[in-house]
There are 4 protein chains.
Amino acid sequence: MLTPMNFNSDNVHGVDEAILTALGEANAGTARAYGYDDWTLAAEARLCEVFERDVAAFLVVTGTAANSLALAACCPPYGAVVCHHEAHIVVDECGAPELFSGGARLMGARGAGGKVTPATVAALFATLGRGEHEQRPSVLSISEATELGTVYTPAEVAALAAVARERRLRTHMDGARFANALARLACTPAELTWKSGVDVLSFGATKNGAMGVEAVVFFDAALATDFRYLRKRTGQLVSKNRFLAAQMLAYLADDRWLRNARHANTMADRLAAAFRALPGVRLPLPVDANAVFAIVPRALHERLQAQGARYLVWPGEGPGTDTVGEHEVFIRLLTSFRTSAADVDALVAAAG
Amino acid sequence: MLTPMNFNSDNVHGVDEAILTALGEANAGTARAYGYDDWTLAAEARLCEVFERDVAAFLVVTGTAANSLALAACCPPYGAVVCHHEAHIVVDECGAPELFSGGARLMGARGAGGKVTPATVAALFATLGRGEHEQRPSVLSISEATELGTVYTPAEVAALAAVARERRLRTHMDGARFANALARLACTPAELTWKSGVDVLSFGATKNGAMGVEAVVFFDAALATDFRYLRKRTGQLVSKNRFLAAQMLAYLADDRWLRNARHANTMADRLAAAFRALPGVRLPLPVDANAVFAIVPRALHERLQAQGARYLVWPGEGPGTDTVGEHEVFIRLLTSFRTSAADVDALVAAAG
Amino acid sequence: MLTPMNFNSDNVHGVDEAILTALGEANAGTARAYGYDDWTLAAEARLCEVFERDVAAFLVVTGTAANSLALAACCPPYGAVVCHHEAHIVVDECGAPELFSGGARLMGARGAGGKVTPATVAALFATLGRGEHEQRPSVLSISEATELGTVYTPAEVAALAAVARERRLRTHMDGARFANALARLACTPAELTWKSGVDVLSFGATKNGAMGVEAVVFFDAALATDFRYLRKRTGQLVSKNRFLAAQMLAYLADDRWLRNARHANTMADRLAAAFRALPGVRLPLPVDANAVFAIVPRALHERLQAQGARYLVWPGEGPGTDTVGEHEVFIRLLTSFRTSAADVDALVAAAG
Amino acid sequence: MLTPMNFNSDNVHGVDEAILTALGEANAGTARAYGYDDWTLAAEARLCEVFERDVAAFLVVTGTAANSLALAACCPPYGAVVCHHEAHIVVDECGAPELFSGGARLMGARGAGGKVTPATVAALFATLGRGEHEQRPSVLSISEATELGTVYTPAEVAALAAVARERRLRTHMDGARFANALARLACTPAELTWKSGVDVLSFGATKNGAMGVEAVVFFDAALATDFRYLRKRTGQLVSKNRFLAAQMLAYLADDRWLRNARHANTMADRLAAAFRALPGVRLPLPVDANAVFAIVPRALHERLQAQGARYLVWPGEGPGTDTVGEHEVFIRLLTSFRTSAADVDALVAAAG
């Protein structure tokens, strides 16, 4: 089961040992079920501290659920969610946002490097405006970090959220890799979210060391009034919720989440530096988080595969900043809290 | 956080230590994500062994999801699910079956002790039959054990499934407490399910010692063709699925699931025997599994509460076999794999 | 195609000639499509007059759509609609309320004569109250006239609406036969609706002489803010909407709607008087509108059928006020704006 | 209400007089409700004749409903519909396809002139293929005539349907303007549909002279097994269905549908010929049906508007075959069965 050169995703790795330990510690005695236990209350309080304000936070099990529930809370069934056309919610969630929202449309705006811009969002709005014949844009959703490993600065987030607010849209941030983005930026969690106009965040923990827990964090409590109902009716309310909360508490304790993310990012930098030096290899995108996207010669790709390296041949359209040649492959390599320098070096050696 | 007399539910208890240990063991190395890992394959194979045939089994996180997904796989959006009018899917899942099925109706049949019968199901059918003006019954769902702690024998299951089959309905079994039912009956898992006509089972593990895992087990593989899509679009596909599978494997290893259930049942028997002897207390239902339902004097109820005992005042209609008097309360006490004889004795002492 | 003794439903009859004529008159020139034409504006204004206040009114094509859209506007997908357990929305709309609302539950309260009461509604509420584990009652829906041909007085409506308001529910009135109810009561349309606490009305016209048009009438405009989107996404926005509006205008002109309803009611009275005199026949319910429910000897039923009489053998549970014997049949006979005294007399003669 | 130069849509015109007459004739006597009447049976039989084979045909009220129901019958909720990115189902139906299908995605392929091609459809497929993480393409939907007034030849339809069949997709044709397309092509209704691989057709009548009726026509009866349920639960089953059927019968009688379409097309040709001769005006698309798309100088546009001409400034991306300049406007002019040569000439005079 061990694949030393596995850069396929950050979820191929297991669980941070500290988080496993926390599960064991939470296993003492009885506790109220369905999220009314003390661990859950503590996790909610901790998230308020992390974001320096009152938030309405809800634990769920998967990132797909976190995103789809966050969107469902902001978007009516006749509404639309504006997002990058290759956002995770568009291409990787099999219609969960549509299901949970009761039929809302995802409207994909374009943008290089996985990022939408005020201009591309405005261009999409320009094709709309005919009233009830079309779904009404209700939410802007951005990914932080993006699916192409890039990161919006707080200023970029604020500019997008401002465009959204002008049109009366809410702003959602898919933070499946929020920690990786934050670890790169010189800013606080608050600055990257509500201080920049974000209304609701999918706060990921699973990809960065948890076993399976995400939080939906509302900065505008009015959006969360009935969220408990939404979570329950989508099968995301866990009976033994203390074990979700224990994960989140351990994740946030002692800056573990940021340390894990910083490590993953450093490993991505190490990998990127080595790959940039390989002949015929181009890195068309900045390495802002824990993903390295590379355009590599097909021969190199085949050599790596043959030696057991695992990574993703990116199924989307390309980086948007460069062209993938006929004899080239566009690949994604992900590092995680558990990737070691030796893992990276083994890959680089295989490529050399 | 310790409540020594907590009989509120079987989910107030934590996790079987052996299952926690299994989580730690599964944390080695990398693994394919999203259910294509070796643990998941092993868990699926193990379920085939348990049920003595090929089954199509899928791990999910919550019982609500297991039930709602199982029903969605069998019931078209214009269909109806026939079940007891106080079934868990009716009164405890906030419409998840409706959401996951795309709008199917739950049609509640009556029946004492939480059980429907061929007669009550037929009575419900007799009110139907006007074609497209009404939803078409497509699934019969029964709970094993029932929400009132009773158990269907294989012969009873077979009789109900036969009624369903005659009308071209599928039969679903909500087995959130399947182990408790089985532990009481002198039969095999196969005999209680597919050999009695069950098409799909929600196989519960969480209430009986797991942290959070259930399996949807299809005995008719044709129903499962596209189930992966259903699971994904409902946010129930976990990225680090090996940790669901590890739970299930440990649960099924060495008959742990049956030993746990037998223990819980024995504790329920002990509690029932003591309560039957209390003045003014009646047990209107057989104790077939790990639930004790009692009609108790309000004064006793208040005394127990005052001493910190935790159990449920049953919100439903009553046992159907007895009447709850004005100065009485109808309560449910649940035991679990972790309930000790001392816990029971403490409660009985408090009631004495 | 002529069945002279057809009392099967009020929709077996065609269209009021005056309404057909209005269709022809509306066929001159061009008009804006999708409900922005002058006829539609006039129909909306006319409904304001009829109800003596500003209303937000929307034309749709079917009663099922009117009800389901009205409910969808008031009930969140995790909500529930409380109504009589044999209401049209429960037993005759194949789940359209569930679909249009995104999964809301219909919760049936009991009640003799097709009517719920404050007591039976309160009894239903008493089984609820466990938060997000169950759907939250959000709307009370009553039928006026009811499916059993009875009518709520304004005082009865007000008492029910008060119970609803206390629990923060909205009140919906299914007025598929609103005209028939109103024609019997000594009150105004306003008194029977918003002055008694009704928030939204399905205002039927089709059963009472139109070809196919109903209005969803909101007395609380806040509920209607986005109704145009709901109507469009359910396929109920008609392009040549002037022809819906022309029907509604002709229906409301010169009190045609009330004259038609009064006529139908009078024919029901005539039929009821004659049936009451038949040996072995009982009328277990008041004839408040245009429906006559009768318990008749099976022999009489067979004789009538043999002579070509058409009416409905009621599929529901019975009147709730009397018992249907083994050799008896519970039937419904409906009269309409087009039923003649001769039609009634022919039926009575056949029964004689 | 008369706007002599109204080319805004084909639905601004009223109803063919012969169809109005048919409504009057259908108003005799009683008839079974809900589509079990003789007119409906006759209309279904007539559609079999028109298409030279057994079809399963269902009348509904709006084009949005026809399309959304046809798609819902072919596409699972976790499926996707591949279509032109500016198809009516994408940009003009406010999510009705999503609602009726239970959440299916519309995936827009590109293509000049409103047409997809085997190549652009294949390009879309090339971005897919990752199993349950994405919705599964299940239907190919093409519009005949397209939203840009172009027409697929039977050979083009067959080529697209073949691509669909290879990937196990069904083929749906949005025939809101089917008659206009057919009137231009030298082929039979059968050749343009099932003989070319179409599985289900939305057969429009409203835009071409009916008051409000469309047929969903299944060439593969297996897709229609439960369609009655779908139609009912979406509020599209009309009680007095004979009046839908009477419209359809009159529409199909004496080739009225084709005569009406031919007339509209001829008027479009007349308009196109005159516009092509105007200085600064370009017609970037063939006039295959009853739509004329023109790139006109903004000054001309303003002059026409000032004189009361009505037509649409096309909100979409442009023709795909030409570029709209800064001082130009891309407009759509539609003719109908009722557009007269004088209407066209008045417009041309205003433009001159």
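## Digging into the overall build of chain A
Alright, step 1. When you go through chain A residue by residue, the secondary structure sums to 14 helices and ten strands.
Alright, step 2. For 352 residues, the compact-globule formula gives about 20 Å, and the C-alpha radius of gyration of chain A, at 20 Å, lands near that figure.
Alright, step 3. Seen along its three principal axes, the alpha-carbon backbone of chain A occupies a region of about 60 × 55 × 35 Å.
Alright, step 4. Each of the 352 residues in chain A was classed as buried or not, and the buried ones make up 63%.
Alright, step 5. Long-range contacts, defined as pairs at least 24 residues apart, comprise 79% of the intrachain contacts of chain A with a sequence gap of at least 6.

## With respect to the interface of chain B and chain A
Alright, step 1. Counting residues at the interface gives 43 residues for chain B and 43 residues for chain A.
Alright, step 2. At the level of secondary structure, the elements contributing two or more residues to the side of chain B that touches chain A comprise helix H1 (17-25), helix H3 (63-74), helix H5 (96-101) and helix H10 (227-233) of chain B.
Alright, step 3. When its residues are assigned to classes, the side of chain B that touches chain A shows 18 nonpolar, 20 polar and five charged.

## Examining unusual backbone geometry
With the exception of glycine, most residues fall at negative phi, and the peptide bonds are largely trans.
Residues and elements named next belong to chain B.
Alright, step 1. A cis geometry characterises the amide bond from glutamate 144 onward to alanine 145, with omega recorded as -5°.
Alright, step 2. Its location among the elements puts alanine 145 in the loop between strand S4 (136-143) and helix H7 (154-166).
Alright, step 3. Phi angles above zero are rare outside glycine, and aspartate 255 is one such case at about 55°.
Alright, step 4. Tracing the sequence through the fold places aspartate 255 in the loop between helix H11 (242-252) and helix H12 (256-276).

## So, the relation of the copies chain C and chain A
Alright, step 1. Structural alignment of chain C on chain A gives an RMSD of 0.0 Å, achieved by rotating through 180° and translating 0.0 Å along the axis. What the rotation and shift describe, once combined, is the action of a two-fold rotation axis. Residues of chain C ranked by C-alpha distance from the rotation axis are headed by glycine 102 of chain C, positioned 2.8 Å from it.
Alright, step 2. Comparing interface residues between copies, 100% of those in chain C also sit at the interface in chain A, which points to an isologous, same-surface contact.

## Description of the sheet that holds strand S2 (residues 79-84) of chain D
Neighbouring strands of a sheet are bound in pairs by backbone hydrogen bonds; such pairs are parallel or else antiparallel.
Residues and elements named next belong to chain D.
Alright, step 1. Pairing within the open sheet is mixed, and its seven strands lie in the order S1-S7-S6-S5-S4-S2-S3. On the outer flanks of this sheet lie strand S1 (56-60) and strand S3 (105-109), each paired with one strand and no other. Between one strand and the next, the sheet's axes are offset by a mean angle of 25°, whatever the strand orientation.
Alright, step 2. Where S2 and strand S4 (residues 136-143) come together, four bridges link them in parallel fashion. Across the sheet, the residue bridging to alanine 80 is proline 137, located in S4.
Alright, step 3. Along the sheet face, helix H3 (residues 63-74) touches S1, S2, S4, strand S5 (170-175), strand S6 (200-204) and strand S7 (214-218) and points at about 175° away from the line of S6.
Alright, step 4. Here helix H6 (residues 118-126) sits on the sheet and contacts S2, S3 and S4; the angle it forms with S3, its principal contact strand, is near 125°.

## Side note on the relation of the copies chain B and chain A
Alright, step 1. With an RMSD of 0.0 Å, chain B superimposes on chain A once it is rotated by 180° and translated 0.0 Å along the axis.
Alright, step 2. Here 100% of the interface residues in chain B have copies in chain A that are interface residues too; the copies meet face to matching face.

## Let's talk about the packing of helix H2 (residues 38-51) of chain C against helix H11 (residues 242-252) of chain C
All names here are of chain C.
Alright, step 1. Packing of H2 against H11 brings their axes to within 8 Å, and their N-to-C directions diverge by 35°. Pair H2 / H11 crosses with left-handed handedness. Mapping the contact onto sequence places Trp39, Thr40, Ala42, Ala43, Arg46 and Val50 in H2 and Arg242, Ala245, Ala246, Met248, Leu249 and Leu252 in H11.
Alright, step 2. The residue makeup of the contact of H2 with H11, split by class, is nine nonpolar, one polar and two charged.

## Section: the interface of chain C and chain A
Alright, step 1. In this assembly, 14 residues from chain C lie in contact with 14 residues from chain A.
Alright, step 2. Take the side of chain C that touches chain A: its biggest share by element is five residues, from helix H10 (residues 227-233) of chain C.
Alright, step 3. Grouping the constituent residues of the side of chain C that touches chain A by class yields five nonpolar, three polar and six charged.

## Focus: the packing of helix H12 (residues 256-276) of chain C against helix H14 (residues 341-351) of chain C
All names here are of chain C.
Alright, step 1. Interhelical geometry of H12 versus H14 gives an angle of 20° and a closest axis separation of 10 Å. Taken as axis vectors, H12 and H14 run roughly parallel relative to one another. Crossing of H12 against H14: the hand is right-handed. Along the contact surface, H12 presents Met267, Arg270, Leu271 and Ala274, while H14 presents Ala341, Val344, Leu347 and Val348.

## Observations regarding the domain arrangement of chain A
Residue and element names in this part refer to chain A.
Alright, step 1. For chain A, the assigned domains read domain 1 (17-254) and domain 2 (256-351).
Alright, step 2. Inter-centroid distance (C-alpha atoms) of domain 1 to domain 2 is 27 Å.
Alright, step 3. Taken together, the contact pairs 25 residues of domain 1 with 23 residues of domain 2.
Alright, step 4. Put simply, the parts of the chain that give the side of domain 1 that touches domain 2 at least two residues each are helix H8 (178-184) and helix H11 (242-252).
Alright, step 5. The element best represented in the side of domain 1 that touches domain 2 is H8, accounting for six residues.

## Details of the sheet that holds strand S6 (residues 200-204) of chain A
Residues and elements named next belong to chain A.
Alright, step 1. Spatial strand order, S1-S7-S6-S5-S4-S2-S3: seven strands in an open sheet with mixed pairing. The open sheet is flanked by strand S1 (56-60) and strand S3 (105-109), the only strands paired with a single partner. Shown here is a sheet whose adjacent strand axes are inclined to one another by a mean of 25°, direction ignored.
Alright, step 2. Where strand S2 (residues 79-84) meets S3, five bridges bridge the pair, whose relative direction is parallel. Residue pairing in the sheet places cysteine 83 in a bridge with glycine 108 of S3.
Alright, step 3. This element, helix H2 (residues 38-50), spans S1 and strand S7 (214-218) of the sheet and lies at about 125° to S1.
Alright, step 4. Each of S2, S3 and strand S4 (136-143) touches helix H6 (residues 118-126); the most contacted strand, S3, lies at about 125° to it.

## Re the nonpolar core
Alright, step 1. With 250 residues, the main nonpolar core has Val217 and Val292 of chain C together with Val217 and Val292 of chain D as its most contacted residues.
Alright, step 2. Among residues more than four places away in sequence, those in contact with valine 292 of chain D are Ala268, Leu271, Ala272, Phe275, Leu283, Val287 and Leu333 of chain D.

## Examining the pairing of strand S10 (residues 328-334) of chain B
Residues and elements named next belong to chain B.
Alright, step 1. In terms of burial, S10 is a largely internal element, six of the seven residues being buried.
Alright, step 2. In terms of strand pairing, strand S9 (residues 312-313) meets S10 through two bridges, oriented antiparallel. For leucine 312, the partnering residue across the bridge sits in S10 and is arginine 332.

## What to know about helix H13 (residues 298-306) of chain C
All names here are of chain C.
Alright, step 1. Of all the positions in H13, only Leu300, His301 and Leu304 are classed as buried. Viewed end-on, H13 has its buried residues packed into an arc of 100°, placing them on one side of the element. Summarising the geometry of H13, the exposed residues directed more than 90 degrees from the buried face are Ala299, Glu302 and Ala306.
Alright, step 2. Of the residues trailing H13, glycine 308 is marked for its positive phi of about 95°.

## Details of the confidence of the model for chain A
Alright, step 1. Across chain A, the average pLDDT comes to 96, with 99% of residues at 70 or higher.
Alright, step 2. With pTM at 0.97, the complex prediction returns an ipTM value of 0.96.

## Focus: the environment of serine 239 of chain A
Alright, step 1. Structurally, serine 239 of chain A is set in the loop between helix H10 (227-233) and H11.
Alright, step 2. Spatially, the C-alpha atom of serine 239 of chain A lies 22 Å from that of glycine 209 of chain A, the residues being 30 residues apart in sequence.
Alright, step 3. Discounting chain neighbours no more than four positions away, the residues touching serine 239 of chain A are Ala33 and Tyr34 of chain A together with Asn11 and Thr206 of chain B.

Conventions we followed
Residues numbered from 1 in each chain as written. Chains lettered and ligands numbered in written order. Predicted model: local features only at pLDDT ≥ 70, side-chain atom pairs only at ≥ 80, totals over all residues. Helix = DSSP H or I, 4+ residues; strand = E, 2+ residues; numbered from the N terminus. Rg over C-alpha atoms; globule rule 2.2 N^0.38 Å. Buried ≥ 20, exposed ≤ 12 C-beta atoms within 10 Å, placed from the backbone. Contact = placed C-beta atoms within 7 Å. Nonpolar A, V, L, I, M, F, W, Y, C, P; charged D, E, K, R; others polar. Least-squares fit on C-alpha atoms with pLDDT ≥ 70 in both. Pairing = 2+ DSSP bridges. Axes fitted to C-alpha atoms, helices over the stretch in contact; angles between N-to-C directions. Left-handed = near helix turned anticlockwise from the far one by under 90°. Parallel < 35°, antiparallel > 145°, perpendicular 65-115°, else oblique. Domains from an automatic or database assignment. Core = buried A, V, L, I, M, F, W, Y, C linked by C-beta atoms within 7 Å. Arc of directions from axis to C-beta. pLDDT = per-residue confidence, 0-100.

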